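Breakdown of the fold
Chain by chain, the residues run as shown.
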Amino acid sequence: MLKTKASAIARSTRTSTGTRPLHGSYGHDVGCSIGTRALHGSTGNEANHSAMNDFIVSILESNPSTRDAKTYLGTFATKSKPPPTSKLSPQTATRPTIPVNTKNPLNLPSDVLHTLLQGPKLAQVVEDEKHVSPNPQQRAALELLNPIQRRTALVKLQGPFTDRQLESICLGLVYLGKLGLVCVIVVARDDWHPGSSGERRNAQEDVMRVARELEAQGAKARPILGPTVRLGPKPRQSNDSLAVSSIESVSAAVDATEEMNAHTLPEDLVPVRSALKAGEIPILPPLALDSFSRMVAVHPNDVVEALMKGMVDVGQKRPKQLLQQNITPTKSITENDPANTEETALNSETAEEQEDDIDMTPLRLMIINREGGVPSYARNGLPHLLINLQSEHQHIHETFSPAWTATHPTSLSNLSLAKSCLKHMPPTSSAIVVSHRSPRSLIANLITNKPAQSSSLPSYLLNVGAKKVTPHTPTLIRNGLPMRVIQRADMAEIDRAKLTDLLEASFGRTLIQNAFYERLEKVLDYVIVAGDYAGACIVTEEPIPSSSSSPSSSRLSLSYLDKFAVHPSHQGDGTVDFLWVALHDESFGLGLDHALNPNEGGKMGVGIGRDLVWRSRSNNPANKWYYERSSGHLRMGSAWTMFWCDAEARLKEQEAKLVEGGWTGARHVVGMKGRVMEGLSFVEGGEEDRLKDWAGVVESIPSSWVPLSK
């Protein structure tokens, strides 16, 4: 039955917090810190090339997958347009065009291109002085540097920062602009107090300071010193009005029941749009105009949220609607500000110019501060890597340690700000809370839209080596999906049609429905469903033959992961990590403090953890992902590989006994990229022959799919 020997086992040691395979790629150490020289200006070619080198290395270190690169290019690649009708003279029209060098589309200097091609993890380069032949990874990096469509991000710059810190932050924002993400910055300071003397002047001075630093880094900045936000009820269009005749008529329709909060009108965003269209970075103070037309200082979060709502509402549609109706907006708040004098009539733009208008809908919310990400009780105060707001927001508030109010005083308010903003942003958008010490993570987040490290990795991998979580590791926040656990007793609540559609879309196969659900009725333990069947994992109780002589078979059943599926439309948006963490909490992580996450219908951390076993075809591309998250794997012939995750609570007990006997714990060897050289043995007491028992059960489970036609 068991077609491989014990030598085929992939690991020789393990720990209670997880171990890693002795093969595979797990990233690399960061080779250099963020640069400090301007990308443009009069600092000379050496400085320019050094900054460009640093920029390219930042892109390479983001390590985007093929899916990440396609998603990025799909968002930022230049939109294809039909060729315009030529209005040139025949002599000019026949002038030959300049050919594009596809091997070096940016015409980068030779030394910069050399750095790109010799960057981290790039090998087998064919290069001469005039012609370079990039391999696929290098070609992907060059594509990321191609001309792009500009999108926007809303940035809360939460100081105070030293000059050196601000320089590093601004250079990171300049890098984002080169990749197509133009930032709208709202300045904030933790040492600002409402009602203090000179608060408006101090806010405006900080705006100018940020603008000067951005200019020093080669960017174009536009300080907007007046308010762009209003206080009071926001006017809205009447329900019985099918068309907008003028913005004045909209202003007359006020919802009397609406709360008195901060908001913007389309005309208030004219200076911001003008700056973005001119390739400038708008910088705004936390100021607002009250109902008596007085300029007052307000909380920066109110300004950020109001801007987010207004920018999403405007997007590209609002100006086009105004243009079609030939409407001239009312005066903007900042029109009379001498620092922001500009033409505000939108009807002066031609239809062709409007077609090239920048989309103001923010793709990212970035909160750059001094304290770093949101601390997690499960990581002993180190930051959360990825937060699912739908299922974790309230739980994070409830488990927030009082001691963190001193070290992370704004974490909860920033989390609430992210929740408020993400409600209005596109579903694929995210928010990131990052320390000023990690500006490069902004580039990685832009390209991959993923956390710095996967939140579903075993804790051990996140404690040592290149994947180690530090106090400055950023927190990525997504609106996410609710997680629901359906127990065997409630199997009737499973929507079989939706589950079938999910499984078939995820696996690309046709399910044998009758046989599959008949089997589940006999052996189902529970199903975890993400959202409206955006993802699901099915865990069964598989009987172990009573004739087995292994002590591990005394339980007479095996916890088996029958299906783990994420719909293709949700692959890459964090659903897979949300689902795996929920699976961890309900199975092999059960019994530990960090398994207390509130999954609807789940065990809420109460119970005894169990070993979890599953199988995957040996040629499954997802196996690398499984290698990183499993405690071990065993090849069963050439077709299948069996994986398992050990119950973490049991391993902690075994480790505690070893420590009592003088064991000093798992040892991390420098230079071995975090691999454990000493730890629990592969087979502890009571685990003899368990792999043989597991393999026998797994091999007997029938396939759920209609056979592929040959």
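This one's a predicted model, so the numbers in the text were calculated from it and none came from an experiment.

Core analysis: the largest hydrophobic core is formed by 60 residues, its most contacted members being Ile185, Leu214 and Leu583. Broken down by element, the residue count for this core peaks at 8 residues, all from helix 6 (residues 163–178). Excluding its chain neighbours within four sequence positions, the residues that come into contact with leucine 214 are Cys170, Val174, Ile185, Ala219, Ala221, Ile281 and Ile283. The next biggest cluster of nonpolar side chains, apart from the first, holds 37 residues, and it includes Leu154, Val186, Leu417 and Ile477.

Attention now goes to the sheet that holds strand 22 (residues 640–645). The sheet built from 7 strands is open, its strands ordered 16-17-18-19-20-22-21 with mixed pairing. Bordering the open sheet on either side are strand 16 (483–487) and strand 21 (632–636), each of which pairs with just one other strand. This sheet shows a mean twist of 25° between the axes of neighbouring strands, independent of strand direction. Note: strand 18 (residues 535–543) against strand 19 (residues 557–566), 9 bridges, orientation antiparallel. Residue isoleucine 538 lies in a different strand from strand 19, and its bridge partner there is lysine 563. Sheet strands touched by helix 17 (residues 496–507): strand 18 and strand 19. Its angle to strand 19, the strand with the most contacts, is close to 75°. Along the sheet, helix 18 (residues 513–523) contacts strand 17 (524–530), strand 18 and strand 19; its crossing angle with strand 18, the most-contacted strand, is approximately 60°.

Viewed as axis vectors pointing N to C, helix 10 (residues 300–314) and helix 15 (residues 411–422) meet at an angle of 15°, and their least axial separation amounts to 10 Å. By the criterion of interaxial angle, the relationship of helix 10 to helix 15 is roughly parallel. The handedness of the crossing between helix 10 and helix 15 comes out as right-handed. Touching Asn301, Val304, Glu305 and Met308 of helix 10 are Ser413, Asn414, Leu417, Ser420 and Cys421, all from helix 15. Looking at the contact of helix 10 with helix 15 residue by residue, the class counts come to 4 nonpolar, 4 polar and 1 charged.

Moving on, we get to the pattern of salt bridges. Tallied over the entire structure, the rule returns 25 salt bridges. The salt bridge involving glutamate 280 is made with arginine 222; its shortest N-O contact spans 2.6 Å. Here glutamate 280 is found in the loop between helix 9 (270–277) and strand 9 (281–284), whereas its partner arginine 222 is found in strand 6 (residues 221–223), with 58 residues between them in sequence. Within the structure, one salt-bridge network assembled from shared partners comprises Arg519, Glu542, Asp562 and Lys563.

What follows is about the packing of aromatic side chains. Aromatic rings in a pair are described by how distant their centres are and how their planes are angled relative to each other. Within the structure shown, the criterion is met by 14 aromatic pairs. Arranged with centres 5.1 Å apart and planes meeting at 75°, the rings of phenylalanine 516 and tyrosine 517 form a pair that is edge-to-face. Each of the two residues, phenylalanine 516 as well as tyrosine 517, counts as buried. Taking the centre distance of 5.4 Å and the plane angle of 50° together, the rings of tyrosine 627 and phenylalanine 643 count as tilted. With a gap of 16 residues between them, tyrosine 627 in helix 20 (residues 623–629) and phenylalanine 643 in strand 22 connect regions that are remote in the sequence. Residue tyrosine 627 shares its accessibility class with phenylalanine 643, and that shared class is buried. Taken together, the ring pairs connect Phe564, Trp580, Phe588, Trp614, Trp625, Tyr626, Tyr627 and Phe643 into an aromatic cluster. It is arginine 615 that lies over the ring of tryptophan 640; its NZ or CZ is 4.3 Å from the centre.

Okay, the pairing of strand 18 next. With 7 of 9 residues buried, strand 18 lies mostly within the body of the structure. Here 6 bridges tie strand 17 to strand 18, and the two strands are oriented antiparallel to one another. Counterpart to leucine 524 in the pairing with strand 18 is threonine 540. Between strand 17 and strand 18, which pair antiparallel one after the other, the connecting turn spans 4 residues, and glycine 531 there sits at a positive phi close to 60°.

Our next topic: the confidence of the model for the protein chain. On average, residues of the protein chain score 75 in pLDDT, and 65% of them are at 70 or above. Ignoring residues within four places in sequence, the model shows residues 119–132, a span with pLDDT below 50, making 27 contacts including any to other chains. Confidence drops under pLDDT 50 across residues 238–259; counting only partners more than four residues distant or on other chains, this segment forms 35 contacts.

Further remarks concern the environment of methionine 636. Secondary-structure assignment places methionine 636 in strand 21. Accessibility expressed as a relative area gives 5% for methionine 636, which makes it buried. When the C-alpha positions of methionine 636 and serine 618 are compared, they lie 9.0 Å apart, and in sequence the two are 18 residues distant.

How each quantity is defined
- Residues numbered from 1 in each chain as written.
- Predicted model: local features only at pLDDT ≥ 70, side-chain atom pairs only at ≥ 80, totals over all residues.
- Heavy atoms only, no water.
- Core = buried A, V, L, I, M, F, W, Y, C linked by side-chain atoms within 4.5 Å.
- Buried < 20%, exposed > 50% of the residue type's maximum accessible area, 1.4 Å probe, protein only.
- Helix = DSSP H or I, 4+ residues; strand = E, 2+ residues; numbered from the N terminus.
- Contact = heavy atoms within 4.5 Å.
- Pairing = 2+ DSSP bridges.
- Axes fitted to C-alpha atoms, helices over the stretch in contact; angles between N-to-C directions.
- Parallel < 35°, antiparallel > 145°, perpendicular 65-115°, else oblique.
- Left-handed = near helix turned anticlockwise from the far one by under 90°.
- Nonpolar A, V, L, I, M, F, W, Y, C, P; charged D, E, K, R; others polar.
- Salt bridge = Lys/Arg side-chain N within 4 Å of Asp/Glu carboxyl O.
- Phe/Tyr/Trp six-rings, centres within 6.5 Å; stacked < 30°, edge-to-face > 60°.
- Lys NZ or Arg CZ within 6 Å of the ring centre and 35° of its normal.
- pLDDT = per-residue confidence, 0-100.

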